[in-house]
Amino acid sequence: MIKGFYSIWLEGVDSRRYAAFRIGFSILLLLHFLWLLPYSDSLLSNEGISSSEMSAIGFHEITGGKSISFFNLIQSPILVSILLLSAIALCILSILGKYSRLAIIFCFLIQLSIIHRAPISTTGWDSIITNLCLILIFSPLGTHWNPVSLLRNQNPKEPDIKFPRYGLVLIQIQTCVIYWQSVFQKMGDYYWKNGESITYFLLSHHGRFQGKWPVHFHGLFDKINYLTLLIELCLPLLLWISKTRKIGVIIGIGFHVSIAILGINLTLFSMTMMICYLAFFPVWEKETKQETGLTN
């Protein structure tokens with residue numbers, strides 16, 4: 001039992017795996033805050049669409065909890081922008097391997113503050129990013145690697161260092177939960193069960209290409225509706241099993257690129273899910289024994 005626990009959670013992995021995820025995730029955070037910055041005054045300041053008191057009431061009605069946010073105290077548009085710009089600056093430093101732990105902690109607190117201050121604006125990737133931040137706060141980050149040294153595979157400081165794999169495993173589990181939870185939720189929806197969800201989505205204001213054209217392909221989109229459920233159901237297994245992992249990554253990237261192309265404001269969601277795939281791949285590790293079928 002102890003050996004199994006060690007193998008699953010504490011076995012050493014190449015530090016470049018953590019570094020690759022840290023760099024990819026920091027880039028995602030950077031883009032996320034850049035995307036949010038133009039809307040910060042209206043969503044997070046006292047000159048926005050709702051006061052902090054109204055947002056606190058809305059948060060309580062949605063979640064049943066109490067709103068705790070930096071933006072309940074810092075309400076000036078200038079100060080709100082400074083907070084987001086600080087997060088952006090720390091993301092850049094984290095990409096370079098500088099102050100990465102501080103950056104992740106700060107971005108986690110900012111993310112929670114945004115969700116608590118403007119719950120009505122919370123997106124799917126907000127929750128995912130927040131969860132990933134929490135995992136990375138307590139995980140190795142491979143900060144002795146930067147993008148240049150990682151691409152060149154040159155690290156004169158600590159070339160042979162190994163880190164326990166628990167952080168990567170938690171991210172893998174998180175990814176699988178997201179896909180399966182999505183399937184369970186959709187199975188309770190009338191339009192997903194009847195195969196009409198994709199068509200209605202493309203006809204709505206969420207579709208990137210406006211017009212009645214989806215009606216003419218209704219039969220095809222009915223099949224794609226069920227194919228989407230099948231992909232989300234199978235992707236965790238394809239990613240988890242070593243022999244099918246590459247197939248899973250190819251299918252997953254194609255799936256999320258399609259979502260980003262066809263849907264408005266879903267690019268960051270697709271990027272968030274694709275960044276999670278970095279946790280599955282032992283890119284730099286040489287397998288010295290035959291894999292048993294479980295993820296490394």
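Everything that follows concerns the structure shown earlier in this document.
Quick caveat: nothing in here was measured; it's all calculated off a predicted structure.

Visitor: How should the overall build of the protein chain be read in this particular structure?
Guide: Looking only at helices and strands, the protein chain features 15 helices and two strands. Here the protein chain has a C-alpha radius of gyration of 21 Å; the compact-globule value for 296 residues is 19 Å, and the two agree. Considering only C-alpha atoms, the protein chain reaches an extent of 55 × 50 × 40 Å along its principal axes. Here the protein chain, with 296 residues, has 46% of them falling under the buried criterion. In the protein chain, 77% of the contacts between residues at least 6 apart in sequence involve partners at least 24 apart.

Visitor: Could you clarify how one ought to interpret a nonpolar patch on the surface in this entry?
Guide: On the surface, Y190, Y191, Y200, L203 and V215 cluster together into a nonpolar patch covering about 510 Å² of accessible area. Taken together, the elements giving at least two residues each to the nonpolar patch come down to α10 (190-193) and α11 (197-203). Here Y200 shows up in helix α11. Since its relative accessible area comes to 47%, Y200 is described here as partly exposed.

Visitor: What's the story with unusual backbone geometry in this structure? I'm lost.
Guide: Its identity is not glycine, yet Y99 carries a phi of approximately 55°, on the positive side. Inspection of the secondary structure assignment puts Y99 in the loop between α5 (77-95) and α6 (100-117). Given the relative accessible area of 59%, Y99 is considered exposed.

Visitor: Please explain the environment of I275 as it appears in this structure.
Guide: Mapped onto the fold, I275 is located in helix α15 (residues 267-276). I275 gets classed as buried once you look at its relative accessible area, which sits at 14%. Considering only alpha carbons, one finds I275 and I23, 252 residues apart in sequence, at a separation of 9.8 Å. Setting aside residues no more than four positions away along its own chain, I275 makes contact with F21, G24, F25 and L28.

Visitor: What exactly am I supposed to notice about the packing of helix α4 (residues 52-63) against α6 here?
Guide: Helices that pack against each other are described as a pair by the angle of their axes relative to one another and the distance between those axes. Between α4 and α6, the shortest axis-to-axis distance is 8 Å and the interhelical angle comes to 90°. Here α4 is positioned roughly perpendicular relative to α6, judged by the angle of their axes. Residues S52, S55 and F59 of α4 pack against I115, H116 and R117 of α6. Its residues assigned to classes, the contact of α4 with α6 shows two nonpolar, three polar and one charged.

Visitor: I'm lost on the nonpolar core in this one. Help?
Guide: Inside soluble globular proteins, nonpolar side chains tend to come together where they are buried. F25, L29 and F33 are the most contacted members of the largest nonpolar core, which has 59 residues in total. No other element matches helix α2 (residues 15-36), which puts eleven residues into this core. With near-sequence residues (within four places) excluded, L29 lies in contact with C91, I104, C107, I129 and C133. Counting five residues, the second-largest nonpolar core is a separate cluster that includes I198, L202, F221 and L229.

Visitor: Help me understand the environment of L136 in this model?
Guide: Along the polypeptide, L136 turns up in helix α7 (residues 124-137). Given the relative accessible area of 3%, L136 is considered buried. Taking the C-alpha atoms as reference points, L136 and T123, separated by 13 residues in sequence, lie 20 Å from one another. The residues touching L136, leaving out its near neighbours within four places in the chain, are F21, F25, R101, I104, L141 and I171.

What counts as what
- Residues numbered from 1 in each chain as written.
- Predicted model: local features only at pLDDT ≥ 70, side-chain atom pairs only at ≥ 80, totals over all residues.
- Heavy atoms only, no water.
- Helix = DSSP H or I, 4+ residues; strand = E, 2+ residues; numbered from the N terminus.
- Rg over C-alpha atoms; globule rule 2.2 N^0.38 Å.
- Buried < 20%, exposed > 50% of the residue type's maximum accessible area, 1.4 Å probe, protein only.
- Contact = heavy atoms within 4.5 Å.
- Patch = residues over 30% accessible without salt bridge, like charges linked within 9 Å, V, L, I, M, F, W, Y side chains within 5 Å.
- Areas by Shrake-Rupley, 256 points an atom, 1.4 Å probe, with all protein chains shown as cover.
- Salt bridge = Lys/Arg side-chain N within 4 Å of Asp/Glu carboxyl O.
- Axes fitted to C-alpha atoms, helices over the stretch in contact; angles between N-to-C directions.
- Parallel < 35°, antiparallel > 145°, perpendicular 65-115°, else oblique.
- Nonpolar A, V, L, I, M, F, W, Y, C, P; charged D, E, K, R; others polar.
- Core = buried A, V, L, I, M, F, W, Y, C linked by side-chain atoms within 4.5 Å.

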